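Read off the chains here:
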Protein chains: 2
Amino acid sequence: MAQTERFSAVEIIAAKRNGSVLTDPQIDWVIEAYTRGAVADEQMSALLMAIFLNGMELGEISRWTDAMINSGERMNWSVLSRPTVDKHSTGGVGDKITLPLAPLVAACGAAVPQLSGRGLGHTGGTLDKLESIPGWRASLSNQEMLKVLQDCGAVICAAGDGLAPADKKLYALRDVTATVEAIPLIASSIMSKKIAEGTSALVLDIKTGAGAFMKDPQKAKELAEVMIGLGKRAGVKTLALVTAMDVPLGLTAGNALEVRESVEVLAGGGPPDIVELTILFAQEMLELAGIKGIDPATALKNGKAMDVWRQMIKGQGGDPDAKLPVAKETLIVTAESSGFILGMDAMKVGMAVWRLGAGRTRQGEAVQLAAGIEIHAKPGERIKQGAPLFTLHTDTPEAFVRAQESLVDSVVIGDLPASGKLDRLPLVVERITH
Amino acid sequence: MAQTERFSAVEIIAAKRNGSVLTDPQIDWVIEAYTRGAVADEQMSALLMAIFLNGMELGEISRWTDAMINSGERMNWSVLSRPTVDKHSTGGVGDKITLPLAPLVAACGAAVPQLSGRGLGHTGGTLDKLESIPGWRASLSNQEMLKVLQDCGAVICAAGDGLAPADKKLYALRDVTATVEAIPLIASSIMSKKIAEGTSALVLDIKTGAGAFMKDPQKAKELAEVMIGLGKRAGVKTLALVTAMDVPLGLTAGNALEVRESVEVLAGGGPPDIVELTILFAQEMLELAGIKGIDPATALKNGKAMDVWRQMIKGQGGDPDAKLPVAKETLIVTAESSGFILGMDAMKVGMAVWRLGAGRTRQGEAVQLAAGIEIHAKPGERIKQGAPLFTLHTDTPEAFVRAQESLVDSVVIGDLPASGKLDRLPLVVERITH
């Protein structure tokens, strides 16, 4: 303990342990001192557990977020002539909405400076998906990022090391200390990156249901409200849609498979749930960015969004016409009985995708670009016994056994209830603006 | 994360975070894996904070204690012809009871194998006190310990590195992560050392009041009950006295000063509160050891306890006749008004003693052997304005200023209430046997 420190880590941990509200100078110091190593990992993890169990008020979370932003650079897009707007999803199975959405919103006149992440666990990561396009690069310098954004209105790339380094260090620590799923810590982690990214407006997609981190819709709503509060305090126009993640989105989950489906959407086709969510988010983003009178559905149909997509992929070194990787082995899983598909567990499908090699167990691991699952029938559709339900893709066929184990009981087939309605979440559970 | 580990640290942390009861194999593994370094400090500190906030059941604390004992050696005194009994105090200001007590109980026929600690913060440590005796050694090999115990019936020494190493590592971690004051962690830490020490019976002195770690008598009682439960489960006959630490014990606080006072008690004199507590604990220890019909008061008066003391000090290399260290400087603090002394804040006096150099701020620091405070009048006594209240002793006279700051408002002088009784804790607040 150097005598020159303004605060003592032990006193700050004890304050949160006792249920006190941390002061602004305490929060500023503890994040700054942790980033430079004067607060040790074992001290920060004790503080994180105290935050997990005793909570934080919005004012504390806001200051904590600011302190993480201030640990690095804050990007600025004021040189752009277009308004900036971004979208963030808390992650789900088959959630490839960002891929068609960013070029679509750019085609409608906004600028989308999206810093994305990689997958961890059962949910995929946008950067992993895009890396299945030959030549495409996730890492751009700030100058390269600005050039792609100026040239085509959208960029999807990795956050540089200079952006919220405190969050990077904290995220790795939370992962090994069972302090991930706390609303103050999730909200501040996401929002510190999004605010530092320099977007003027932000639409949040808070997933809920079996395949989401926030399985309880009430908790998802609470997270949405905290994140909106943080955005507004930082001067970022923010709103949130709480959306369904009980069932996988679309008909594919896995990196290259999801890119293929995204391109179908950009070509005016694709599964209806993906198209519906993409257009809905585009409308919200355009409204928040102050762009009126443009119908994103038209920009999907007339190929303008596809033009931006191709330009954006080329701008980051990718070849939009190249053949996507194909898995060495496939295996078809068939329906065990005939009837209506009543449910499909997103978590079980996500775990199977992960076991096929599409995801990683720890940060830094490589993923199989071609691994994943194609879904041949979704809840609400009728299927016959023995008809194809899933096609599993992998380069490592020994993975089929464990993937199939994970799919046991993932699909419920039976008679439609008398009401004719499935027992599942609506696609949009709630729209939250404050 | 090695694939060969039986458990995942993250899952164990998450279980306690969610309020679950940890299983025996989980507890065994996490202590064992932490001791060998497979569970990281930042993981253990998150678990400790979850234990602090969510608690542990007695069964969990007992297993946790066993796991810490099993991390090292367990001593065994079955070669001795006498029954073994020990005493542990949670620490207070001027609490030198162990010094006259151990030889007294030995003089009455029991064997006292006491492993003691050093002071940290405002309370003194038995080993620091005894080290003010020229030549005396705290570190003994197990063979040396047995020899002193066989020769004179009592030994007071430091716990070796082989004893509960998990507790040593955890104690250092708790100190920097604000996870010290949790009953499950305090109780398991003390009891793991006392059970590993191999005593058959144990009397606990749980201090309560301003100068104690457990300021609230109800919390002190709760700690006592948990520790008794742990002792009984381990086959150690255990009882506890919750005793007063609102006012310093005796008339001295500081290493050599307390040895001097202890020798006065062994010589048949000394302050009445020290004599009373010493005899009371000796009676409890003898009863628990099954030794009947011996009056410890007599052994104090007739010099038998003093004989054991001299033999014990010599057995550990000390010279019982050597002059004790004397401080280079003294300063007398006088009464600001006349009247009855109504109160004396043990914490404020303890802090002053610490600031004079008698205590340490971190483990491993040296202490001043001669520093401390003599108390010239205690609560209940009448004093005149300007009469000596304290004599401060130090080798570093620049410490006087901060020590005096700490003594401001430490003594309340006024009129006795109509009842004639002071508002203070009884010397023994409660006797707890289960």
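Attention here is on the structure that accompanies the text. (Residues numbered from 1 in each chain as written. Chains lettered and ligands numbered in written order. Predicted model: local features only at pLDDT ≥ 70, side-chain atom pairs only at ≥ 80, totals over all residues. Heavy atoms only, no water.)

1. Looking at the overall build of chain A
Stated formally: A helix here means a DSSP run of H or I that spans at least four residues, while a strand means a run of E at least two residues long, and both kinds are numbered starting from the N terminus. Relative accessibility under 20% of the residue-type maximum defines a buried residue, over 50% an exposed one, and the middle range a partly exposed one, all with a 1.4 Å probe and only protein chains included. We count Lys and Arg on the positive side and Asp and Glu on the negative side, and we leave His and both chain ends out. Just so you know, the charge point we use is NZ for Lys, CZ for Arg, CG for Asp and CD for Glu.
A tally of regular secondary structure across chain A gives 16 helices and 13 strands. The C-alpha extent of chain A, read off along each of the three principal axes, is 75 × 45 × 45 Å. Looking at chain A as a whole, 56% of its 434 residues qualify as buried. Charged side chains of chain A number 44 positive and 51 negative; the gap between the two group centres comes to 3 Å.

2. Overview of the pairing of strand 5 (residues 237-244) of chain A
All names here are of chain A. Our working definition: Here, strands pair whenever DSSP counts at least two bridges between them. Place the viewer so that the strands point away; then a crossover is right-handed whenever the path from the first strand over the helix to the second strand goes clockwise.
For strand 5, the tally of buried residues reaches seven of eight residues, placing the bulk of the element in the interior. Pairing of strand 4 (residues 201-208) with strand 5 involves eight bridges; the strand directions are parallel. Of the residues in strand 5, the one forming a bridge with Leu 204 is Ala 240. Where the polypeptide runs from strand 4 across helix 10 (residues 217-233) and back to strand 5, its parallel neighbour, the crossover connection is right-handed. Bridging between strand 5 and strand 13 (residues 428-432) involves four bridges; their strand directions are antiparallel. Counted as the bridge partner of Val 242 is Glu 430 from strand 13.

3. Observations concerning the interface of chain A and chain B
Our working rule: It only takes one pair of heavy atoms within 4.5 Å for two residues to be counted as in contact. The term buried area refers to how much accessible surface (probe radius 1.4 Å) is lost by two components on association, counted for both of them together. Salt bridges are defined as contacts in which a side-chain nitrogen from Lys or Arg sits within 4 Å of a carboxyl oxygen from Asp or Glu. The classification used treats Ala, Val, Leu, Ile, Met, Phe, Trp, Tyr, Cys and Pro as nonpolar, Asp, Glu, Lys and Arg as charged, and all other residues, Gly among them, as polar.
In this assembly, 22 residues from chain A lie in contact with 22 residues from chain B. A buried area of about 1800 Å², summed over both sides, lies between chain A and chain B, and 65% of it is on carbon and sulfur atoms. Per-residue buried area on chain A facing chain B is highest for Arg17(A), Glu42(A) and Leu53(A); these three make up 32% of the total on that side. Applying the counting criterion to the chain A and chain B interface returns two salt bridges. With its nearest N and O atoms 3.3 Å apart, the salt bridge here joins Glu181(A) to Arg17(B). When contributions to the side of chain A that touches chain B are tallied by element, the ones reaching two or more residues are helix 1 (9-17), helix 3 (41-54) and helix 8 (165-176) of chain A. For the side of chain A that touches chain B, the leading source of residues is helix 3 of chain A, giving ten residues. Residue composition of the side of chain A that touches chain B, by class: twelve nonpolar, four polar and six charged.

4. As for the sheet that holds strand 7 (residues 329-334) of chain A
Residues and elements named next belong to chain A. So the rule is basically this: Inter-axis angles, ranging from 0 to 180 degrees, are taken between N-to-C directions of lines fitted to C-alpha atoms, where helices are fitted over the stretch in contact.
The four strands are arranged 6-9-11-7 in an open sheet whose pairing can be described as antiparallel. If you trace the sheet from one side to the other, it starts and ends with strand 6 (252-253) and strand 7, each paired once. Pairing analysis gives four bridges linking strand 9 (residues 372-375) to strand 11 (residues 388-394), with the strands arranged antiparallel. Paired with Ile 375 across the strands is Phe 390, a residue of strand 11. On top of the sheet, helix 15 (residues 346-358) reaches strand 6, strand 9 and strand 11; it is set at about 135 degrees to strand 9, its chief contact.

5. Quick notes on the relation of the copies chain A and chain B
There are two copies of the chain, and a rotation about an axis plus a shift along that axis relates them. Here is the rule we go by: Least-squares superposition aligns the copies on the C-alpha atoms of those residues with pLDDT at or above 70 in both.
The two copies are related by a screw operation: chain A maps onto chain B through 180 degrees of rotation and 0.1 Å of translation along the axis, at an RMSD of 0.0 Å. Such a turn and shift between the copies fits a two-fold axis. Rotation axis and chain A: the residue whose C-alpha lies nearest the axis is Glu42(A), separated from it by 1.8 Å.

6. Examining the packing of aromatic side chains
Any two aromatic rings considered together are summarised by their centre-to-centre distance and by the angle between their planes. Residue and element names in this part refer to chain A. Rule in force here: Centres within 6.5 Å are what make two rings of Phe, Tyr or Trp a pair, Trp counting through its six-membered ring; a difference in plane orientation under 30 degrees is then read as stacked, over 60 as edge-to-face, and the rest as tilted.
The final tally for this structure, using the stated rule, is two aromatic pairs over all chains. Ring centres of Phe 7 and Trp 29 lie 6.1 Å apart, and the angle between their planes is 50 degrees; on these two criteria the pair is classed as tilted. Here Trp 29 lies in helix 2 (residues 24-36) and Phe 7 lies in the segment before helix 1, a separation of 22 residues in the sequence. In this structure Phe 7 comes out as partly exposed when scored by relative accessible area, which is 26%.

7. Overview of the packing of helix 2 (residues 24-36) of chain B against helix 8 (residues 165-176) of chain B
Residue and element names in this part refer to chain B. Filter applied, for reference: Any angle that is under 35 degrees is reported as roughly parallel, and any over 145 degrees as roughly antiparallel; angles of 65 to 115 degrees are reported as roughly perpendicular and all others as oblique.
Closest axis-to-axis distance for the helix 2/helix 8 pair is 9 Å, and the angle between their directions is 80 degrees. If you check the angle between helix 2 and helix 8, you find them roughly perpendicular. Side by side, helix 2 and helix 8 meet where Ile 31, Tyr 34 and Thr 35 of the first sit next to Ala 166, Lys 169, Leu 170 and Leu 173 of the second.

8. Observations regarding the pattern of salt bridges
The tally for this structure, following the rule as stated, stands at 50 salt bridges over all chains. Arg118(B) is the salt-bridge partner of Glu131(B), the closest N and O atoms lying 2.9 Å from each other. Of the two residues, Glu131(B) is situated in the loop between helix 6 (126-130) and helix 7 (142-152) and Arg118(B) in the loop between strand 2 (112-116) and helix 6; the sequence distance between them amounts to 13 residues. Glu131(B) gets classed as partly exposed once you look at its relative accessible area, which sits at 30%. A residue is classified by how much of its surface remains accessible, and Arg118(B), at 40% relative accessible area, is partly exposed. A single network of salt bridges, built from pairs that share partners, joins Arg118(A), Asp128(A), Glu131(A) and Arg360(A).

9. Quick notes on the nonpolar core
Cut-off, in case you're wondering: We define the nonpolar core as a collection of buried residues of types Ala, Val, Leu, Ile, Met, Phe, Trp, Tyr and Cys that are connected through side-chain atoms lying within 4.5 Å of one another.
Counting residues in hydrophobic clusters, the biggest one holds 283 residues, and the most contacted among them are Trp64(A), Phe390(A), Trp64(B) and Phe390(B). With nine residues, helix 12 (residues 272-288) of chain A is the single largest residue contributor to this core. Dropping the residues within four chain positions of it, Phe390(A) is found in contact with Leu331(A), Ile332(A), Val333(A), Met344(A), Val349(A), Ile373(A), Glu374(A), Ile375(A), His376(A), Leu407(A), Ser410(A) and Val411(A).

10. Focus on the side chain of Thr90(A)
Residues and elements named next belong to chain A. Which entries qualify depends on this criterion: Contacts described as polar in this section are N or O atom pairs within 3.5 Å, which, within protein, must combine one atom able to donate a hydrogen with one able to accept it, while residues neighboring in sequence count only if both atoms come from side chains.
Positionally, Thr 90 belongs in the loop between strand 1 (86-89) and helix 5 (98-107). Thr 90 sits in the buried class, given a relative accessible area of 18%. For Thr 90, the side chain forms a polar contact with the main-chain nitrogen of Lys 207, separated by 3.0 Å.

11. Looking at the environment of Thr433(A)
All names here are of chain A. With respect to the element layout, Thr 433 can be found in the segment after strand 13. Overall, Thr 433 belongs to the partly exposed group, its relative accessible area being 33%. Distance from Thr 433 to Glu 60, taken between C-alpha atoms, is 21 Å for residues 373 residues apart in sequence. One polar contact links Thr 433 to His 434, side chain to side chain, over a distance of 3.4 Å.

12. A word on the environment of Thr433(B)
Distance in space between the C-alpha atoms of Thr433(B) and Ala240(B) is 6.4 Å, their sequence separation being 193 residues. Excluding anything up to four places from it in sequence, Thr433(B) contacts Ile228(B), Lys232(B), Thr238(B) and Leu239(B).

13. Points about the sheet that holds strand 10 (residues 382-383) of chain B
Residue and element names in this part refer to chain B. With antiparallel pairing, three strands are arranged side by side in an open sheet as 10-8-12. The sheet is open, and its two borders are formed by strand 10 and strand 12 (411-414), each paired with just one other strand. The sheet contact formed by strand 8 (residues 339-344) and strand 10 spans two bridges and is antiparallel. Considered in strand 10, the bridge of Gly 339 is made with Ile 383.

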